[in-house]
Amino acid sequence: MKYIGKKLATMLITVLIVTMLVFLAFRVIPGDPVSNMLGTSATEEKVANLREQLGLNRPLPVRYIEWVRDFFFGDMGKSYTYGMSVKSMLASKIPITITLTVMSFILVVLISIPLGIYCAKHEDKWYSKAIDVINQITMSVPSFFVGMIITYIFGLVLRWFRPGAFVNYKTSVVGFLGYLIFPAISIALPKAAMTVKLLKSSVLKEGKLDYVRTAYSRGNSTDQVLYKHVFKNALIPVITFLGVTLADMVAGSIIVEQVFSIPGLGRLLITSISTRDYPVAQAIIAIIACIVIFINFMVDILYKVIDPRISK
Amino acid sequence: MQKFKSNQKLYIGAFITGIMLLLALTGTVFTPYDPNAMDTTAKFGSISLKHIMGCDNFGRDIFSRVLAGLSTTMSVAMGTVLIGIFFGTLIGAFTGYFGGMPDEILMRINDAVLAFPSLLLALVFISIMGPGKFNVTIALGILFIPGFARIMRGEFLRCKNLDYVQSARLMGASDLRIMFVHILPNTLQVMLSTVAIGFNNAVLAEAGMSFLGIGVQPPDSSLGRMLSEAQTYLFIKPGYAIVTGMTIALLILGFAMLSEGLEKNA
């Protein structure tokens, strides 16, 4: 309990620091949103009015506190470009990005855990070595290039899906998931390859320890030793890695969304950065940051469940 | 020497990286055609003796563009790694060697930054500083400092109580001398493998950002940017995407294997 409390406190402090940094970062940007909105020919009076209206005249700390308060109550301001509330703009995008990330993560786990254990078990066989080579190559291909290869093969040649024809979940859930499966594979493949490699080496390393020899000497079969003893211990470094990977995939989906023209958070973020639509960019970055911090927190908790020896 | 013989990864990695470096160097001084020269008669021109990789949508020679893009990507990665390793080593040396409160504070900040997807941070930097080759290098360089600092700190922490440091201290060597004359050379193995993996990450980050259009800006060509152009013409000319994507993948593969090889060798 004390452990959870400590981690919770760390998480809250991190959220505070990160939101502060995001807020500050968007204050030092050169280029004035007001002149962006009104154009260069605006009168000084007009500019002053709009600054007042947007609350750009008040001191920074006040604006930060107000922003954080509003942010956590779901009020993220208005988009400079569209004049819509940021919340309404993001509401329909968040489920898309989260679904994509979760799907990719499930794929990583489904591919890498069985394959990693299989490779460790058959370490000396030629096919295990062949998988090693394929792994090393897969790891080196960036997700957006995997996405393009998939688009070409499955979209343009085999025509299993229509590239760019994104189906919204409001129209058809099946169509939505069906479209997302290809980008999910693109995000998952390189990450899965890394996980396989890590899991394999982790299992092999654990296998050399004394307790494994003891377990064997007590008459356990290879499978029993592997699944009852080694697996759980070998999983610890893998969980750390999967936590980092999940956080990375949230950000990585930004690029892959671009490849498959998925109208998620990533695409909106890129657009808002290039049009200097700060309230939108700021909100998206803060949201992704909070998701990442929360994932890190969950990983810490999960550790404790798997390995009770961890107390600090 | 025996270790080197069994270390295939090091050899293959060094081989791939060497070829890529050579191509990138070539790209800075010579390309068969001007990478930005358009030839409307050669639009989507196929592979020929004149254009060994064909031409793109504007009739530009793809091979020349790959060479130029490779050298841009490499120079960004080089700058990034240099910034990262220089400041990272400095911070790591002082925090690892002296320890204490500054160490605690810096390492906590480090943890917070490291827990964060670097792409996201890079996006924040770029939205502040604006895109472009120079800004991308600075942004990525700053982002790489914490990672390098953590590894170098570990090395200095490990070395600071070893016998040779103790005897140097007994001989009256100053802290600075011990840190940079005695300990630093002994961290070289680890530093090299970290640099290799740093290149790997830098190439990936630069390519990703340029792919999104917020990295290197035209007229500078970059592999990431070319890949995003190639995507538009994926159906008409898949070769363009394949050549560009493979170049990025080979770069990353080379650096990854080199890093693993060096680590194994250490």
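That block above? That's the structure.
Rules behind the numbers
Residue positions are counted from 1 within each chain, in the order its sequence is given. Lettering of chains starts at A and numbering of ligands starts at 1, both following the order in which they are written. Reporting in this predicted model follows two pLDDT cut-offs: at least 70 for local features of residues, and 80 or more for side-chain atom pairs to be given and counted; totals over whole chains, interfaces and linings ignore these cut-offs and use all residues. In computing side-chain values, all of the structure's heavy atoms are included and hydrogens and water are not. A run of DSSP states H or I qualifies as a helix once it reaches four residues; a run of E qualifies as a strand once it reaches two. Both are numbered from the N-terminal end. For every residue, the accessible area obtained with a 1.4 Å probe (protein chains only) is divided by the maximum for its type, and the residue is called buried under 20%, exposed over 50%, and partly exposed between those limits. By definition in these notes, contact holds between two residues if any of their heavy atoms fall within 4.5 Å. Put simply, a salt bridge is a Lys or Arg side-chain nitrogen that is within 4 Å of an Asp or Glu carboxyl oxygen. Stacked, tilted and edge-to-face are the three classes applied to pairs of Phe, Tyr and Trp rings, where Trp contributes its six-membered ring and a pair requires centres within 6.5 Å; stacked means planes under 30 degrees apart, edge-to-face means over 60, and tilted covers the rest.

**Q** Even after reading the chapter, I still don't get the environment of A:Leu226, so can you show me in this structure?
**A** Residue and element names in this part refer to chain A. Mapped onto the elements, Leu226 comes out in helix 11 (residues 222-259). Overall, the relative accessible area of 11% leaves Leu226 in the buried class. Separated by 109 residues in sequence, Leu226 and Ile117 have C-alpha atoms that sit 8.9 Å apart. Once residues within four sequence positions are removed from consideration, Leu226 is found in contact with Ile117, Lys121, Val203 and Phe231.

**Q** Looking at this model, I keep getting lost on the pattern of salt bridges. Mind explaining?
**A** When the charged atoms of two side chains lie near each other, side chains of opposite charge can form a pair. Taken as a whole and judged by the stated rule, the model has ten salt bridges over all chains. The partner of A:Lys197 in a salt bridge is B:Glu260, and the shortest N-O contact between them spans 2.3 Å. Remark: B:Glu260 occurs in helix 11 (residues 238-265) and A:Lys197 occurs in helix 9 (residues 173-207); the pair is interchain, linking two chains. For A:Lys197, a relative accessible area of 26% gives the class partly exposed.

**Q** Can you help me understand the packing of aromatic side chains in this one?
**A** Each aromatic ring pair is summarised here by two numbers: the centre-to-centre distance and the angle between the ring planes. Residue and element names in this part refer to chain B. Counted under the stated rule, the structure contains 13 aromatic pairs over all chains. Between Phe94 and Phe180 the ring centres are 6.3 Å apart and the planes differ by 55°, which places this aromatic pair in the tilted class. Of this pair, Phe94 sits in helix 3 (residues 62-98) while Phe180 sits in helix 8 (residues 175-186), placing them 86 residues apart in sequence. Seen from their ring centres, Tyr97 and Phe98 are 5.0 Å apart, and the 90° between their planes marks the pair as edge-to-face. Judged by its relative accessible area of 7%, Tyr97 falls in the buried class. Given a relative accessible area of 44%, Phe98 falls into the partly exposed group. Among the aromatic residues, those joined into a cluster by ring pairs are Phe94, Tyr97, Phe98 and Phe180.

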